[in-house]
Amino acid sequence: MALYEPDRSQYPAKKPDGTLDIDLTSGKYLKLWQGPQHPGITGNMSLELTVCGDEVVDCQTHVGYLHRGFEKLMERRTYIQCFPIVCRICVPEPDFNEYCYAAAVEELSGITAPRRADWIRTLILEMGRINSYMMYLGGQAGSLGMGVIGQWTTYVRDLMLDRFEELTGARIYHMFILPGGVRDGLPDGFEKRMEETLREIESTMKDVYEAMFCNAVFKKRTIGLGVIDPALIDPYGVTGPNARAAGVAKDVRRDFPYLVYPELDFEPVMGKDSDAYTRADVRRRDVLLSIDLIRQILAKMPHDGPLMAKIPNVLHWKVPRGETYIRAECSRGEYGYYLVADGSGYPRRVNVRGPSYTHAVALLERLIINVNISDVAALMVSFHTYPPEIER
Amino acid sequence: MRELYEQLKRLFPLGEYAEQRRDLSFVTVPQEHLRPLLIHLRDRAGFTHLVLLTAVDWLEEGFFQLTYLLNDRAAKRDLGLRVLIPRDGATMEGIHDLWPTAATYQRELREMFGIDFPGSPRVNEEFILEGWTGMPPYRRDFDTKKFSEENFNHRPGRATKDPAKHMKEKLYPDEA
Amino acid sequence: MKIRDLLSPFTVWKNLFRDPVTIDDPVRQRPGAPRYRGFHKNDVKKCIGCGTCETICQNGAIDMVPVDGISAKDGDSGLRPRIDYGRCCWCALCVDVCMTKSLTMSNDYQWIDRDPDAFRFTPGVDRKKWDDAALGYQRPDDHRLTPEERVHMKELGPDARIGSFIEIVKGYSVEEARKEADRCVACGLCTATCPAHMAIPDYIAAIRDGDYERGLRLLYDTNPLPEVCGRVCTHKCESVCAVRHEGDPVAIRWLKRHIADQVPLDQYRAIVGATEPATGKKVAVVGAGPAGLSAAYYLARMGHAVEIFEALPAAGGMMRYGIPEYRLPYDQLDKDIAFVMGLGVKLTLNTRVGKDIALDDLRKRFDALFISTGLHLGRSTKVPGADHPKVFQSIDLLRRVTLGEEIFCPGEAIVIGGGNVAMDIARTLARLQMRKYGKVGVTLLCLETEDVMPADREEIIESREEGVILRPGYGPTHIETDGDRVTGARFVRCLSVFDENGRFAPRFDTADEIAISGAMVVESIGQGMDLSYLPDDLKNQIVFERGRPKVDRHFRTSVPWLYAGGDIVQGPDVIHGIANGHAAAVGIDRYLREGGTT
């Protein structure tokens, strides 16, 4: 089976300055662009691959296809006006932006959101996590030619969007968690309908398990693909399921508990083989964990009490000078907001730290070497990257 | 976290210290001491994870603040290192050899703030912008509104009135 | 490779026999959730056009536009929000911040049109199919983006205040004022209603910024008596405050007072600025009340030489001789007056024009005259017994109290009238009784029922707290006298005060009669003016309208050099007087600069 040199890391040769010795005119190498519209690329990002035969020997990532300058736009908006735009940084899982932004503003303003709002925030974040994983599962399967998984997960994601719609008033960009609390409580009968949705997701996850995880093709192509050496976790800023699949128990919910996580009973989902299959499996089990967490939340959460703290008049809300960093565990890893306030009514600086920033650029560029072209999409999706987190 | 600060202070000349939360502090570090401090923190103090590297433009004061946020997962704490560098000809030593992922941050800072990191991989290549020749757009003096008005057309037919001015026009146009 | 891994994928086939989950007809079968944030609705009758929705919109999607059939009026700009759906992001901050809760959203989210401009419309004005949608996002009651509760004003309790004339309202601290100023949404609806059109949102913003110099300059642009107005203004502005619809109105009056309180008098001149170069023109002002002082202030600033003639021993008019000290302390009034005088205005006291000096003399010595002599004659009920010496006029008594005279004050007194002046005398008598007898014995009766009494609500509450007995809804029939003593008065139930045309024509139920005992009766049912100082030939040249001199918009009478303002033109009100004085000053300035002929 072995078609290549045993020690692939020696190939191609490196020049004394460390760059690869690739002579494109030799006819041995080929530049191949994958993306930004390639179906295997989640979102708008492109990979400039240098291939030799069907093996990738070098990769440069290119972003910039959906740069909207959110961080800059926020410097020109009042604190409340930033609230509707933060969610737009990340389509599949917008709520972490809302939570991190709201919590950062609250912390610098010395405001504490009511406890009941914390419960609802946690609920929303877990609902969002499931949705994000549903998109991932469809994408991961799709990158290997299994279209049907995406159809199933899109269906149950849609059910969860219905729950989002009745809770928050919107399906994709919920704009529900704002500095000070949340907009409203649970609608009547929400728990019952949520339970039905969760059962549907569980049943779908069983099907997904059978059709995807117990599938010879999927296993063959993902086991051993893109192994992240645990030694790379910190140098490359790897977090979330990518780290947990490597046996490093990084989970912000456990390491730096926020909202009501200290009151919930859970253990981070772990893996050990650190390959694409393990990462997919960690995420699959994380869905089941989220289902369990949502059940716990609905059972334990208070049903009365305020949902908003007393906040200043939002039209001229000034936040005292200071800086802070708020992090949360999103489906892809550590999501965080670094907020600097200068005492005026506008943020001095907002920096959004998305996990894909490191996963999709530095980590990908390293792990893609010597991967077969046909596995590139699967590898990239296996890091579960969202390009908007890179360029914002 | 003050304890850590006191320890570090014995080893490095440190500036202003601010404890934001029990588990998050910021400390100002002279530019030339950043690197040894980072190595110390990474290798001896448990701060193995570089959470982010970004800049804040203090235009009025004439300097950039570079924030290196480090995380110590075992001890559950974060330390933000603030390095203040002059805005004019802003240059900083790269840390991509300490954390390979820092190269991406440095490349972005080069493009968006115009802060140079000599020797950082691909630092002068376009990262997000394409064919951008103007001022680095994340600098405070880059006016996004002006940019959008110069480059995009407004759809005609929009007009608004200020309530107070409109009431004066309608109710007491002649009065002072 | 396990055999299971080869077989298990075939479980996919079980879905062959499953019904599709797709909704066949989403347009009809899939309404938005009850809180769905769909197209906007606006109850245009409830909307006040404050523009807060436009201010908060981060997309710049909202324009405030005039609408046919809705005109600007007190508390309503007449504008309505028009939304550009090419920009709207459905965040509903406009709904959350809406001051009246008029702006809501429907759960309708489907609308197709070939004309892109159709997606820019005025909800509630341009009819849309979702206007009557029952469901959709509305601001939940507890979800507030602007604080609805007024910052509590510290006041003396009833027990502490009844024994003295110390000012009741303590004023805000800097921190409290900032918090209260924070509640303002800066819509500016109040400015139109304020007779002086003060830049209210701007000076409130100055408080938020802690910039009292800017605040004071803004006050003096339109009002040279901020300490007075900050205490006793009728604050019509607060009755149109946008915040009042879903909360307490912003305490505009207290905030104004706060600015003036924060700045010491000796800094005023440096802050507000000096006068313009002298013009050489001279103006006489008759009466040193709010209108006269205001005219004098602005005329002096414009460089004219101004002299005020005042009959009483001190300036201030009704502000001093009408309003009791516990509402407006004399030192605060003196502070405002001192700054006006500091501009070089000459004040001649104890000089009654028409008696001590003839109006014709003034005419000869000055280039223009401004008369603002106020309403200092009390009106009588003229019921039997009203001419008795122990039946008093409220304003006479209030004046005498200020002058330091001892007034007749028995243990039981009856006050007739339901306005603020009636409250002033009732509460003044209560204080005097408390000093003299250790208890309060004042009964106040008026024609109006409590809900329509002209007095301020807080006056009604506070007078009750101080022990005054209020009997609203009664009119006097006669005053019972016994020689040189008054023993009481009889009242009958008043059924209505005005007739269907709105004219004063009270109807009574004579069967419902009550007797109130008291050794004095104070009438406080209105005041009249005394224009006897005007020579007859001049009086004949002046056109009167409903008993008041007719003036143009610069408060010029039919006589070119004679301007009039204040209570004699506009009825009793400090802020109107100040506005009149300012407008007259602008008119007089123009008249003088044009040569003083037309």
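Thresholds, definitions, all that
Residues numbered from 1 in each chain as written. Chains lettered and ligands numbered in written order. Predicted model: local features only at pLDDT ≥ 70, side-chain atom pairs only at ≥ 80, totals over all residues. Heavy atoms only, no water. Helix = DSSP H or I, 4+ residues; strand = E, 2+ residues; numbered from the N terminus. Rg over C-alpha atoms; globule rule 2.2 N^0.38 Å. Buried < 20%, exposed > 50% of the residue type's maximum accessible area, 1.4 Å probe, protein only. Contact = heavy atoms within 4.5 Å. Areas by Shrake-Rupley, 256 points an atom, 1.4 Å probe, with all protein chains shown as cover. Phe/Tyr/Trp six-rings, centres within 6.5 Å; stacked < 30°, edge-to-face > 60°. Lys NZ or Arg CZ within 6 Å of the ring centre and 35° of its normal. pLDDT = per-residue confidence, 0-100. Buried area = accessible area lost by both parts, 1.4 Å probe. Salt bridge = Lys/Arg side-chain N within 4 Å of Asp/Glu carboxyl O. Polar contact = N/O pair within 3.5 Å; in protein donor to acceptor, adjacent residues only side chain to side chain. Patch = residues over 30% accessible without salt bridge, like charges linked within 9 Å, V, L, I, M, F, W, Y side chains within 5 Å. Lys, Arg positive; Asp, Glu negative; His and termini not counted. Charge placed at Lys NZ, Arg CZ, Asp CG, Glu CD.

Digging into the overall build of chain B
Here is step 1 of the chain: On a plain count of helices and strands, chain B comes out with 5 helices and 5 strands.
Here is step 2 of the chain: Each helix (α) and strand (β) of chain B, taken in turn from the N terminus, gives the series α-β-β-α-β-β-β-α-α-α.
Here is step 3 of the chain: The globule rule puts the C-alpha radius of gyration for 176 residues at 16 Å, and the 23 Å found for chain B is more than 25% above it.
Here is step 4 of the chain: Projected onto its principal axes, the C-alpha coordinates of chain B cover approximately 75 × 40 × 30 Å.
Here is step 5 of the chain: Expressed as a percentage of the 176 residues in chain B, the buried residues total 49%.
Here is step 6 of the chain: Considering only intrachain contacts with a sequence separation of at least 6, the fraction spanning at least 24 residues in chain B is 50%.
Here is step 7 of the chain: Here chain B displays about 8600 Å² of accessible surface, and carbon together with sulfur accounts for 49% of that area.

Side note on the packing of aromatic side chains
Here is step 1 of the chain: Summed over the entire model, instances satisfying the criterion amount to 38 aromatic pairs over all chains.
Here is step 2 of the chain: Taken together, a centroid distance of 5.5 Å and an interplanar angle of 50° make the contact between Tyr220(C) and Tyr297(C) tilted. Taken together, the residues Tyr220(C) in helix 9 (residues 212–222) and Tyr297(C) in helix 14 (residues 290–301) connect sequence positions 77 residues apart.
Here is step 3 of the chain: Note on Tyr220(C): relative accessible area 2%, which makes it buried.
Here is step 4 of the chain: The class of Tyr297(C) is buried, set by a relative accessible area of 0%.
Here is step 5 of the chain: Aromatic ring contacts, followed pair by pair, group Phe39(C), Tyr85(C), Trp90(C), Trp111(C), Phe119(C), Phe121(C) and Trp130(C) into a single cluster.
Here is step 6 of the chain: Directly above the aromatic system of Phe266(A) lies the positively charged group of Arg254(A), at a separation of 4.7 Å from the ring centroid.
Here is step 7 of the chain: If you follow Lys282(C) out to its NZ or CZ, it ends over the ring of Phe366(C), 5.8 Å from the centre.

Re the confidence of the model for chain B
Here is step 1 of the chain: Overall, the prediction assigns chain B a mean pLDDT of 89, with 99% of residues at 70 or greater.
Here is step 2 of the chain: In the model output, the complex is listed with pTM 0.86 alongside ipTM 0.90.

Things to note about the interface of chain B and chain A
Here is step 1 of the chain: On the side of chain A, 48 residues touch chain B, which itself brings 48 residues to the contact.
Here is step 2 of the chain: Regarding the contact of chain B and chain A, the summed buried area is about 4000 Å², with carbon and sulfur atoms giving 49% of it.
Here is step 3 of the chain: Looking at the side of chain B facing chain A, the largest losses of area belong to Arg73(B), Tyr138(B) and Arg140(B), adding up to 17% of the total buried there.
Here is step 4 of the chain: The interface formed by chain B and chain A contains 9 salt bridges.

Regarding the interface of chain C and chain A
Here is step 1 of the chain: Across the boundary between the two partners, chain C contributes 48 residues, which contact 48 residues of chain A.
Here is step 2 of the chain: Contact with chain A buries area across many residues of chain C, yet Arg35(C), Arg37(C) and Gln58(C) alone supply 20% of it, more than any other trio.
Here is step 3 of the chain: Linking chain C with chain A are 9 salt bridges, by the criterion used here.
Here is step 4 of the chain: As a salt-bridge pair, Asp162(A) and Arg30(C) come within 3.1 Å of each other at their nearest N and O atoms.
Here is step 5 of the chain: The tally of links between chain C and chain A comes to 29 residue pairs in polar contact (both at pLDDT 80 or more).
Here is step 6 of the chain: For the side of chain C that touches chain A, the elements supplying multiple residues, two or more each, are helix 1 (3–7), helix 3 (52–56) and helix 4 (93–97) of chain C.

So, a positive patch on the surface
Here is step 1 of the chain: Side chains of Arg379(C), Lys382(C), Arg546(C) and Arg548(C) sit close together on the surface and give a patch of like positive charge.
Here is step 2 of the chain: Within the element layout of this structure, Arg546(C) appears in the loop between strand 20 (544–545) and strand 21 (548–549).

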